[in-house]
Amino acid sequence: MTSLTLHLAAAAPAAPPLWRILTQVGYFGALALAGGPFLAVAFLLPAAARGGAADRALRALAPYIAAFTAVAAYAQYAGRIARSKLGVSFAESLSPANFGAYLDLPREKGAWISAAAMATVQLGLFALAVVLLVVVWRLRGRVAAPVAGAGFAVVMLAASAPSLTTAVVGMDAAANRVLKLAHILACVVWLGGLFVLAAAGLRARRSGADGAGAFERMWVRFSAWAMGAVIAVGVSGLWLTWVHVGSFAQFVTTPYGRYLLIKLVLVAGMVAAGVYNVRVLIPAIRRARLAGDEDTVVRLVLHHFPKVVAAEAVAGIGVLLVVPFLSGSARKQADGAAAGPFDWETFGIGALLVVLLIAACTAAVRLGADRPAAAAGAPAA
């Protein structure tokens, strides 16, 4: 065995145990799934469609998502206990008898609250989200929207809780905190919207023109949310990649780099599907609407669009499955130098990138919006 082989074997981290993979995937899946119905009911569903087929399809998902969220949140809390200094196994951490000892653990250096206390606060937020999901499921009409809006805020706060445990000192630490949090929140919004709209759209395929009109508006509205999420994921993802990967070679020579490369390919596929939706499907629906072709509108909105979004959601599930394996850093695994600190030059580059991404997304939307108008004004063949 060569020294290079020995070096690579030493650098490769041990695979996480199955319980850790499942709890981490379940945790991020619960955040996305819980946020999805709240986002759709509060901000995407047209007011005129409340109580209609699209509304019923969305709210029908709520009890299943509530059950999954409750199980995943409890398992994640047990996983935090198993990873703590208590030294208990995951099976033992599932017992509430260990909760008191976990809460008695002292807070870490630089933290204003202990990780155990914050994890317990987060568990309480998950419980509140579960209750609000059940309330949204039972409510009908306009009163569901403000409850869903409150639920969306609760989920965003639950996703932010771990990032708020320690105090921030210095520009570099603040940049890491803000960009990591932006990455997580954007992924929760993007994946949650995809999962829920895809499932609800597939459920409502037989709803006809009533459901088609509501879902058409929801697809358009979610495209704006998704583009905002793409911008946040793009900027924060580039920063995090630079922090953890020192060269292009590390994408293939380190375990972290290879898993990150898989994640980037999946995200690129999701972005491509989103571009297809904005540039091709939505303009096609508008053209059919202008032409009075209701059958084509129903076919595109309730049959073709949900299939594309479902494929996008499958790629999102792949991203969640990769996340547990992204531990450590490609720089460390390759014995490379650490990334430089965040400074004003880096901030300027990031700000320029944000402007360029916003301009590109705005141009894509405007070009897509101009297509129906151009088609409507074109002479008949």
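Nothing here was measured: the structure is a model prediction, and the numbers come from that model. (Residues numbered from 1 in each chain as written. Predicted model: local features only at pLDDT ≥ 70, side-chain atom pairs only at ≥ 80, totals over all residues. Heavy atoms only, no water.)

**A word on the pattern of salt bridges**
- Counting across every chain of the model gives three salt bridges.
- One salt bridge connects Asp-55 with Arg-59, and the closest N-O pair in it is separated by 3.2 Å. In this pair, Asp-55 and Arg-59 both sit in helix H3 (residues 53-59), four residues apart, roughly one turn of the helix. The residues Asp-55 and Arg-59 share a single accessibility class, namely buried.
- Here Glu-294 and Arg-289 are joined by a salt bridge, their closest N and O atoms 3.2 Å apart. (Salt bridge = Lys/Arg side-chain N within 4 Å of Asp/Glu carboxyl O. Helix = DSSP H or I, 4+ residues; strand = E, 2+ residues; numbered from the N terminus. Buried < 20%, exposed > 50% of the residue type's maximum accessible area, 1.4 Å probe, protein only.)

**A look at the nonpolar core**
- Formed by 82 residues in total, the largest nonpolar core has its most connected members in Phe-38, Leu-58, Trp-190 and Phe-215.
- Here this core gets 14 residues from one element, more than from any other, and that element is helix H2 (residues 18-44). (Core = buried A, V, L, I, M, F, W, Y, C linked by side-chain atoms within 4.5 Å.)

**Some remarks on the packing of aromatic side chains**
- Under the definition given, this model contains 14 aromatic pairs.
- Where Tyr-27 meets Phe-126, the ring centres are 6.1 Å apart and the plane angle is 70 degrees; that geometry is what we call edge-to-face. Note that Tyr-27 is positioned in helix H2 and Phe-126 in helix H7 (residues 115-138), a separation of 99 residues in sequence. Phe-126 matches Tyr-27 in its accessibility class, with the two residues each being buried.
- Arranged with centres 4.5 Å apart and planes meeting at 0 degrees, the rings of Trp-219 and Phe-305 form a pair that is stacked. Highlighted residues: Trp-219 in helix H10 (residues 208-244) and Phe-305 in helix H13 (residues 294-322), separated in sequence by 86 residues.
- Assessed through its relative accessible area of 3%, Trp-219 is described here as buried.
- Members of the aromatic cluster, each reached through a chain of ring pairs, are Tyr-74, Tyr-77, Phe-99 and Tyr-102.
- The ring of Tyr-27 carries Arg-80 above its face, with NZ or CZ at 5.7 Å from the centroid.
- The ring of Trp-242 has Arg-331 sitting right over it, with the charged end atom 5.9 Å from the ring centre. (Phe/Tyr/Trp six-rings, centres within 6.5 Å; stacked < 30°, edge-to-face > 60°. Lys NZ or Arg CZ within 6 Å of the ring centre and 35° of its normal.)

**Some details on a nonpolar patch on the surface**
- Taken together, the side chains of Val-252, Leu-261, Leu-264 and Val-265 present a nonpolar region at the surface, about 330 Å² in accessible area.
- Considering each element in turn, the nonpolar patch owes the most residues, three residues, to helix H12 (residues 255-290).
- Checked against the element boundaries, Val-265 lands in helix H12. (Patch = residues over 30% accessible without salt bridge, like charges linked within 9 Å, V, L, I, M, F, W, Y side chains within 5 Å. Areas by Shrake-Rupley, 256 points an atom, 1.4 Å probe, with all protein chains shown as cover.)

**What about the environment of Ile-262?**
- Note that Ile-262 resides in helix H12.
- Taking C-alpha positions, Ile-262 is 9.6 Å from Phe-251, a pair spaced eleven residues apart along the chain.

**Some thoughts on empty space enclosed by the protein**
- Summed over all chains, the structure comprises one cavity of 30 Å³ or more.
- Within this model, the largest cavity holds a volume of roughly 40 Å³.
- Forming the walls of the largest cavity are Ala-73, Gln-76, Tyr-77, Arg-80, Ala-119, Gln-122, Leu-123 and Phe-126.
- Residue assignment for the lining of the largest cavity shows that the elements contributing at least two residues are helix H4 (62-82) and H7.
- In terms of residue class, the lining of the largest cavity is built from five nonpolar, two polar and one charged. (1 Å grid on protein atoms, 1.4 Å probe; cavity = no way out; pocket = protein on both sides within 12 Å on 5 of 7 lines; lining within 4 Å. Points joined across faces, edges and corners; volume = space filled by probe spheres on them. Nonpolar A, V, L, I, M, F, W, Y, C, P; charged D, E, K, R; others polar.)

**Quick look at the packing of H7 against helix H8 (residues 144-160)**
- Contact geometry for H7 and H8: axes closest at 9 Å, N-to-C directions at 160 degrees. In terms of axis orientation, H7 runs roughly antiparallel to H8. Crossing angle aside, the handedness with which H7 passes H8 is left-handed. Of the residues in H8, those touching H7 at Gln-122, Leu-125, Leu-128, Ala-129, Leu-132, Val-135 and Val-136 are Ala-144, Val-147, Ala-148, Ala-150, Gly-151, Val-154, Val-155, Leu-157 and Ala-158.
- A breakdown of the residues in the contact of H7 with H8 according to their chemical character gives 14 nonpolar, two polar and no charged. (Axes fitted to C-alpha atoms, helices over the stretch in contact; angles between N-to-C directions. Parallel < 35°, antiparallel > 145°, perpendicular 65-115°, else oblique. Left-handed = near helix turned anticlockwise from the far one by under 90°. Contact = heavy atoms within 4.5 Å.)

**A word on the packing of H2 against H8**
- For the pair H2 and H8, the least separation of the axes is 8 Å and the interaxial angle reads 150 degrees. Taken together, the axes of H2 and H8 are roughly antiparallel relative to one another. Note on packing geometry: the crossing formed by H2 with H8 is left-handed. Of the residues in H8, those in contact with Tyr-27, Leu-31, Ala-34, Gly-35, Phe-38, Leu-39, Val-41, Ala-42 and Phe-43 of H2 are Ala-144, Ala-145, Ala-148, Gly-149, Gly-151, Phe-152, Val-155, Ala-158 and Ala-159.
- Taken together, the residues of the contact of H2 with H8 sort by class into 15 nonpolar, three polar and no charged.

**Considering the side chain of Arg-331**
- Structurally, Arg-331 is set in helix H14 (residues 330-333).
- Given a relative accessible area of 11%, Arg-331 falls into the buried group.
- One polar contact links the side chain of Arg-331 to the main-chain carbonyl oxygen of Trp-242, over a distance of 2.7 Å.
- A distance of 3.0 Å separates a polar side-chain atom of Arg-331 from the backbone oxygen of Val-243. (Polar contact = N/O pair within 3.5 Å; in protein donor to acceptor, adjacent residues only side chain to side chain.)

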